[in-house]
Amino acid sequence: MAKMRGPRFKMCRRLGLNVIGHPNAMKRAARGTSRADKKLSDYGVRLLEKQRLRAYYGVLEKQFSRYVKEAFKSKRQPGEALLLRLESRLDNMVYRMGFASSIRASRQMVNHGHFLVNGEKVNIPSYRLQPGDKVMLREKSRKVELFTNTFKENELNSLPYIEKDVDNFIGTYVREPERNELPIEIDEQLIVEFYSK
């Protein structure tokens, strides 16, 4: 499976944004380390925003382009449709629900078959959840303390479009999120403009 590799903190400093959510990611960031610190052309500004969004969700270029094409065919605004497609990925939802401490960890957990979606085993990170879908940690996987402790400790970090049943290790994707509820700092209009040419 293709995935983003390489030093994560360095990537955050280069993009000028903490896209991995780690508290120490921008610790060594200094003026001049980010591309955003340099004078960028209009194309450069849009490209940087696209790279930031890709990094948030850990998606490679080929798959990202496919999401963009789908978003442009959608009845919604393309920017909003793109964000919803990325947000509803199984690996992202596992991370948002608090089963994993990072998107990389959640992708690995999904790949290794630790989750059931509506009672069915799913090991495809890009699997798209629909509102009402329940993601459950498998019975066998509950013996791994790392998984159970991470889920319980992340109880306070809840989002309005996700419900958590901590006792049964279940997260429910209740509804599609509003744009202002997404915990990302992105101007999606710049990405739409990047692909509109």
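All values reported here derive from a predicted model rather than from experimental measurement.

Colleague: Before we move on, could you go through the pattern of salt bridges and cite the residues and values that matter?
Modeller: A complete count under the given rule lists 13 salt bridges for this structure. One salt bridge connects R52 with E49, and the closest N-O pair in it is separated by 3.4 Å. Residue R52 and its partner E49 are both found in helix α2 (residues 42-57); the two are separated by 3 residues, about one turn of the helix. In this structure, R52 and E49 share a single accessibility class: buried.

Colleague: Account for the packing of aromatic side chains, naming residues and giving values.
Modeller: What the rule picks out here adds up to 6 aromatic pairs. Their ring planes at 10° and their centres at 4.3 Å tell us that F99 and F151 sit as a pair that is stacked. With F99 in the loop between α5 (90-97) and α6 (103-111) and F151 in helix α7 (residues 145-153), the pair connects residues that are 52 residues apart, well separated along the chain. Take F151: its relative accessible area is 0%, and that puts it in the buried class. Both rings, one in F194 and one in Y195, keep their centres 5.1 Å apart while their planes meet at 80°; by these two values the pair is edge-to-face. Take Y195: its relative accessible area is 22%, and that puts it in the partly exposed class.

What counts, and at which threshold
Residues numbered from 1 in each chain as written. Predicted model: local features only at pLDDT ≥ 70, side-chain atom pairs only at ≥ 80, totals over all residues. Heavy atoms only, no water. Salt bridge = Lys/Arg side-chain N within 4 Å of Asp/Glu carboxyl O. Helix = DSSP H or I, 4+ residues; strand = E, 2+ residues; numbered from the N terminus. Buried < 20%, exposed > 50% of the residue type's maximum accessible area, 1.4 Å probe, protein only. Phe/Tyr/Trp six-rings, centres within 6.5 Å; stacked < 30°, edge-to-face > 60°.

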